[in-house]
Amino acid sequence: MILSDEVMSVHYGKKQQLPDNPECCSSRLAVLASTDFTLGKHCWDVEVGDSQEWYIGVARESIKRKTAVFLNPAEGFWVTGLSNGETYWAQTSPRTRLALKKRPQRITVELDYEKGKVAFLNAVDGSIIYMFKDKFKERIFLYFSPGIHGDGENALKICPLKNK
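The rules behind each value
Residues numbered from 1 in each chain as written. Predicted model: local features only at pLDDT ≥ 70, side-chain atom pairs only at ≥ 80, totals over all residues. Heavy atoms only, no water. Helix = DSSP H or I, 4+ residues; strand = E, 2+ residues; numbered from the N terminus. Buried < 20%, exposed > 50% of the residue type's maximum accessible area, 1.4 Å probe, protein only. Contact = heavy atoms within 4.5 Å. Areas by Shrake-Rupley, 256 points an atom, 1.4 Å probe, with all protein chains shown as cover. Salt bridge = Lys/Arg side-chain N within 4 Å of Asp/Glu carboxyl O. Core = buried A, V, L, I, M, F, W, Y, C linked by side-chain atoms within 4.5 Å. pLDDT = per-residue confidence, 0-100. Phe/Tyr/Trp six-rings, centres within 6.5 Å; stacked < 30°, edge-to-face > 60°. Lys NZ or Arg CZ within 6 Å of the ring centre and 35° of its normal. Pairing = 2+ DSSP bridges.

**Q** Just checking my understanding: could you explain the overall build of the protein chain for this structure?
**A** Counting its secondary structure elements, the protein chain contains zero helices and 14 strands. Burial status across the protein chain gives 47% buried among its 164 residues. Sequence-distant contacts in the protein chain: of pairs separated by 6 or more residues, those separated by 24 or more amount to 66%. Just so you have it, the protein chain exposes about 9,200 Å², and 50% of that area is on carbon and sulfur atoms.

This is the structure we're talking about:
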């Protein structure tokens, strides 16, 4: 994964040798943000553009980072995504296929920690893409995975957090 210098975008790049940091995810091509949440309402936008593959949402602090995991709430992930440039999914167990009328270019993610809600909306028209409801019991981090199609082609651009 390659983060931009200003740490506001991420994309897949060439394999690099990195130290074995326990906080790094080696089981998935993904990044957890350094900002965490344990209360409050928070919201941010992610520009997905014309990317062919991406997964965005939140993950709990205790996710397995070195072994294979499924992206679903039981494993600590509340994530939606696009695969193969055409199929949108809510990463539930089993996955829920989403029928979107418009291809979103920018997605708003809203986290309400106390109410246990993570909502995904089309940032242009405010239409709801999917909403998870659960109980959070530990620190939650933003989760981003741009997929593996091309150098920078699938860049996700993270827009600054907004408190609600």
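**Q** What's the story with the pattern of salt bridges in this structure? I'm lost.
**A** If the charged atoms of two oppositely charged side chains come close together, the side chains can form a pair. Scanning the model with the defined rule gives four salt bridges in all. The partner of D45 in a salt bridge is R106, and the shortest N-O contact between them spans 3.1 Å. In this pair, D45 is assigned in strand β4 (residues 41-47) and R106 in strand β9 (residues 106-112), connecting sequence segments 61 residues apart. Look at R106 and you get partly exposed, because its relative accessible area is 28%. Across the pair E61 and R139 runs a salt bridge, and its minimum N-O distance is 2.6 Å.

**Q** Sorry if this is basic, but what is going on with the nonpolar core here?
**A** Note that soluble globular proteins tend to have their nonpolar side chains buried in a common cluster. Of all hydrophobic cores here, the largest spans 27 residues; its most connected members are W44, W54, I56, I107, V118, F120 and F144. Counting residues in hydrophobic clusters, the runner-up holds ten residues, among them L32, V69, F77 and V79.

**Q** Hey, could you run me through the environment of K102 in this one?
**A** Its place among the elements puts K102 in the loop between β8 (96-98) and β9. Using a relative accessible area of 58% as the deciding quantity, one classes K102 as exposed.

**Q** Is there a simple way to think about the side chain of N72 in this case?
**A** For N72, the position within the fold is in the loop between β5 (54-60) and β6 (77-83). For N72, a relative accessible area of 8% puts it in the buried group. The residues contacting N72, other than those within four sequence positions of it, are F77, Q91, T92 and S93.

**Q** Explain the confidence of the model for the protein chain here, please?
**A** Do not read the fine detail of predicted coordinates wherever pLDDT is low. Per-residue pLDDT for the protein chain has a mean of 80; in total, 72% of the residues score no lower than 70. Segment residues 1-12 is flagged for pLDDT under 50; beyond a separation of four residues in sequence, or across chains, it makes 43 contacts in the model.

**Q** Quick question: what am I supposed to make of the packing of aromatic side chains here?
**A** Applying the stated rule across the entire model yields seven aromatic pairs. An aromatic cluster is present here, built from W78, Y113 and F136 joined pairwise through their rings. Lying across the ring of W89, R95 places its NZ or CZ 3.7 Å from the centre.

**Q** Teacher, can you tell me more about the side chain of H42 here?
**A** Position of H42 relative to the elements: it lies in strand β4. Under the relative-accessibility criterion, H42 is labelled buried at 12%.

**Q** Explain unusual backbone geometry here, please?
**A** Excluding glycine, a negative phi dihedral is what most residues carry, and trans is how most peptide bonds are arranged. Cis geometry is adopted by the peptide bond preceding P94, which originates at S93 and carries an omega value of -5°. With respect to the helices, strands and loops of the structure, P94 is situated in the loop between β7 (87-90) and β8. The backbone phi angle of N84 is positive, close to 55°, even though this residue is not glycine. Structurally, the position occupied by N84 is in the loop between β6 and β7.

**Q** Any chance you could explain the pairing of strand β11 (residues 128-133) here in plain terms?
**A** Within a regular strand, the side chains alternate between the two sheet faces. Direction of pairing for strand β10 (residues 117-122) relative to β11: antiparallel, over a ladder of five bridges. The partner of F120 across the bridge, within β11, is Y130. Connecting β10 to the antiparallel partner β11 that follows it, the hairpin turn spans five residues, and G126 within it adopts a positive phi of roughly 75°.

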